Amino acid sequence: MSQDYFGFSSIRNNARNGTATVALNNAADISVIVIYFLVVLAVGVWAMVRTNRSTVGGFFLAGRSMVWWPIGASLFASNIGSGHFVGIAGTAAAGGIAIGGFEWNALIVVVILGWIFVPIYIKAGVVTMPEYLKKRFGGQRIRIYLSVLSLFLYVFTKISADMFSGAIFINQALGLNIYLAVVMLLLITALYTVTGGLAAVIYTDTLQTVVMVVGSFILMGFAFNEVGGYESFQQLYMESVPSITTNVSASCYEPRADSFHIFRNAITGDLPWPGLVFGLTIQATWYWCTDQVIVQRCLSAKNLSHVKAGCILCGYLKLLPMFLMVFPGMISRILYPNEVACVDPAECQKYCGASVGCTNIAYPKLVVDLMPDGVWLKTFSCELRIRTAAFLCSHLNLLFYLFAPHPFVHALLPLSLIAWIPVVQSAQSGQLFDYIQSITSYLTPPVAAVFMLAIFCKRVNESGAFYGLAIGLLIGLSRMIAEFAFGTGSCISPSNCPTIICGVHYLYFSIILFVVSCIIILGVSLVTKPIDDKHLYRLCWSLRNRTEERVDLEQDDWIDNQESNNMDIDTEGFCKKAVMCFCGLEQQTAPPLSPEEQEELQKKLTDTSEVPLWRNIVNANALILLCVAVFFHGFFG
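The sections below set out a description of the structure shown in this document. (Residues numbered from 1 in each chain as written. Predicted model: local features only at pLDDT ≥ 70, side-chain atom pairs only at ≥ 80, totals over all residues. Heavy atoms only, no water.)

Examining the packing of helix α3 (residues 68–79) against helix α13 (residues 304–317)
- Interhelical geometry of α3 versus α13 gives an angle of 45 degrees and a closest axis separation of 7 Å. Taken together, α3 and α13 sit at an angle that is classed as oblique. The way α3 lies across α13 gives a crossing that is right-handed. Contacts between α3 and α13 pair Trp-68, Trp-69, Ile-71, Gly-72, Ala-73, Leu-75 and Phe-76 from the former with His-306, Ala-309, Gly-310, Cys-311, Leu-313, Cys-314 and Leu-317 from the latter.
- The residue makeup of the contact of α3 with α13, split by class, is eleven nonpolar, three polar and no charged. (Axes fitted to C-alpha atoms, helices over the stretch in contact; angles between N-to-C directions. Helix = DSSP H or I, 4+ residues; strand = E, 2+ residues; numbered from the N terminus. Parallel < 35°, antiparallel > 145°, perpendicular 65-115°, else oblique. Left-handed = near helix turned anticlockwise from the far one by under 90°. Contact = heavy atoms within 4.5 Å. Nonpolar A, V, L, I, M, F, W, Y, C, P; charged D, E, K, R; others polar.)

Structure follows, in structure tokens:
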């Protein structure tokens, strides 16, 4: 008898023909796994040899040598992971195409990233987002707050969600114990990430983008072939209901009447259009414009034109999830209505181990049942790797800054991830992507408010920013804790959470929290002492072109100069020494720089000049991308 993990048996069940087969029973799949991991590790070693990792700029920014196409591919791959394949497809199976609006919103926000935020970060000469806030406001408490919050968000949204979704793929594909499989992937990820630094992550992200897109297109073709084309797909989806409904209300298992519309009723819609337009943009601004994982890739570009071109490429790639994830997820409901669209708690428990619903298995079932041997495994079995790689590389310095003296915390993080998976499984009616977005709505609007006001309002100071973050966090946590305490419930078993707390849609809550945070930040800043302009040159929009020397409020932590061209690890503990040495940050690897070389390096890291021809080309392409975004929103609206 096979063992079950999260409701998934190590024996693959073919629901279409009623037969059961072992998931991994052919040489093609086994060969692809071995070759895939060898290629990934080879890329990491190649990046290690190719790039200078002995300086912070070399390790964390790839020496500012990256061109536009790997940047764009890496931005897309860093954003799209197994959590997206499982979560977006699952929510689409449950509610239709509106979830695709989350992806298309990025078409607009990536332009804001490349044309507004990144030029400020480059001019500021920063490596990390906490470092920018330290230069902008001074002090330590805001930087520590952002570091802790970033780690918390990655642990309990992206990483835990990707672990859960990756666990679904791995268990169906390999029949391994889920926890063992996850630990193995984490170890391999850590090996190539710290060996090659950001360059390794970007190049392997590019490789994975090709694999993801090609494999997803193949699966989409098989899926549409199964339902007989797009028109038949629209008709069949509206008829896809489970055979066992007991006494459940029809509204709980019948497809929504507005399933093929992105913009839905502002009051009764599951994703109301004002929330999708405004609330989602707040979250997207936090993620695309202030998150370390995303911004770090842009900062690695050789010049600003490559940054903008990379953002444009990423924007066009973000058109694909609607066709590669949303539509296949809905097709999965058509092909497997009893499993994917189950509504009876006992039936759902039997199919996926979650009584609230089984929509999360929509995409994995398509992959396992429709993709040929050696193809589906190549595309999806190792997808968890990328998300964890981005997390490790981008937050390595933050982890050591916060927790290096406390090794037990490093062991606690993976344990907390695994322990949190059952919560992820049952939250938001079993819809993974809604869980990710709801947590983001409760915690990130204050951060988005601080960054936006830091750049566009030079009057904002450290006191205003800190109290805006602190009070905003308390408000967000009150909603999040209440939701976990009462549970989010499901259609047939609603939550008992009071309407005044949980009755506001999470996208509307995001708008409210953002506005409240802005008011607090501006109010406290206006009644406290302003920051002199001499401390703000090239740190905010109105002073971005000032050429005077900036007097930093505090000394930089990461300085590429002769005295600290390598990170000084002599006084650190053994654990940090060992890891820094493994990462290539040991002292003897980089020769000292002359004053002229130091000046040239600093100029390279802060240069935002563009060749007029390429500036005009990327600007024109940005306008085209925005027009494409408007067209698709209008067509599917």
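Some details on the packing of aromatic side chains
- Tallying each qualifying case throughout the model produces 26 aromatic pairs.
- Centroid distance Tyr-132 to Phe-451: 6.1 Å. Interplanar angle 20 degrees. Geometry classified as stacked. Taken together, the residues span a long stretch of sequence, with Tyr-132 in helix α7 (residues 129–137) and Phe-451 in helix α23 (residues 445–456) at a distance of 319 residues.
- Residue Tyr-132 is classed as buried on the basis of its relative accessible area, which comes to 0%. (Phe/Tyr/Trp six-rings, centres within 6.5 Å; stacked < 30°, edge-to-face > 60°. Buried < 20%, exposed > 50% of the residue type's maximum accessible area, 1.4 Å probe, protein only.)

A few points about helix α17 (residues 362–370)
- Within α17, nine of the nine residues are buried, leaving the element largely enclosed by the surrounding structure.
- Buried within α17 we find Ala-362, Tyr-363, Pro-364, Lys-365, Leu-366, Val-367, Val-368, Asp-369 and Leu-370.

Section: the state of the cysteines
- Summed over the entire model, instances satisfying the criterion amount to two disulfides.
- Between the sulfur of Cys-342 and that of Cys-348 lies a disulfide, 2.2 Å long from S to S. Negative torsions about the S-S bond denote left-handed disulfides, and the value of about 125 degrees found for Cys-342 with Cys-348 makes this one right-handed. Accessibility assignment for this pair places Cys-342 and Cys-348 in one class, buried.
- A disulfide bridge connects Cys-497 with Cys-502, and the sulfur atoms are separated by 1.9 Å. Taking the sign of the S-S torsion, 65 degrees for the link of Cys-497 and Cys-502, the bridge is right-handed.
- The exposure class assigned to Cys-497 is buried, which follows from its relative accessible area of 11%.
- Looking at the unpaired Cys-314, the closest cysteine sulfur is the one in Cys-311, lying at 7.1 Å.
- The structure places no disulfide on Cys-518, whose sulfur is separated from the nearest cysteine sulfur, that of Cys-457, by 10.0 Å. (Disulfide = S-S within 2.5 Å.)

Focus: unusual backbone geometry
- Although it is not a glycine, Thr-246 sits at a positive phi angle of roughly 45 degrees.
- At Arg-538, a position not held by glycine, the phi torsion is positive, near 65 degrees.
- Among the structural elements, Arg-538 can be located in the loop between α26 (506–526) and α27 (574–583).
- Note on Arg-538: relative accessible area 17%, which makes it buried.

Observations regarding the side chain of Arg-333
- If you trace the backbone, Arg-333 turns up in helix α14 (residues 321–335).
- Put simply, Arg-333 is tucked away with no salt bridge, and the nearest opposite charge, on Glu-254, sits 8.4 Å away.
- At 3.1 Å, the side chain of Arg-333 and the backbone oxygen of Ser-240 are in polar contact.
- With sequence-adjacent residues up to four places away left out, Arg-333 is seen in contact with Ala-93, Ala-94, Tyr-237, Ser-240, Tyr-253, Glu-254, Pro-255, Val-340 and Ala-341. (Lys, Arg positive; Asp, Glu negative; His and termini not counted. Salt bridge = Lys/Arg side-chain N within 4 Å of Asp/Glu carboxyl O. Polar contact = N/O pair within 3.5 Å; in protein donor to acceptor, adjacent residues only side chain to side chain.)

Considering the nonpolar core
- If you look at the biggest cluster of nonpolar residues, it comprises 139 residues, and the most contacted ones within it are Tyr-132, Phe-233 and Trp-288.
- Take this core: its biggest share by element is 13 residues, from helix α6 (residues 106–124).
- Among all residues touching Tyr-132, those that are not within four sequence positions of it are Ile-120, Tyr-121, Ala-124, Val-126, Phe-451, Ala-454, Ile-455 and Leu-539. (Core = buried A, V, L, I, M, F, W, Y, C linked by side-chain atoms within 4.5 Å.)

A short note on the pattern of salt bridges
- Taken as a whole and judged by the stated rule, the model has 14 salt bridges.
- As a salt-bridge pair, Asp-270 and Arg-256 come within 3.5 Å of each other at their nearest N and O atoms. Residue Asp-270 is located in the loop between α10 (230–238) and α11 (273–290), and its partner Arg-256 is located in the loop between α10 and α11; the two are separated by 14 residues in the primary sequence.
- Among the residues examined, Arg-256 registers a relative accessible area of 26% and is labelled partly exposed.
- On the basis of relative accessible area, Asp-270 is assigned to the partly exposed category, the value being 29%.

Such coordinate-based values are descriptive only and should not be taken to indicate function.
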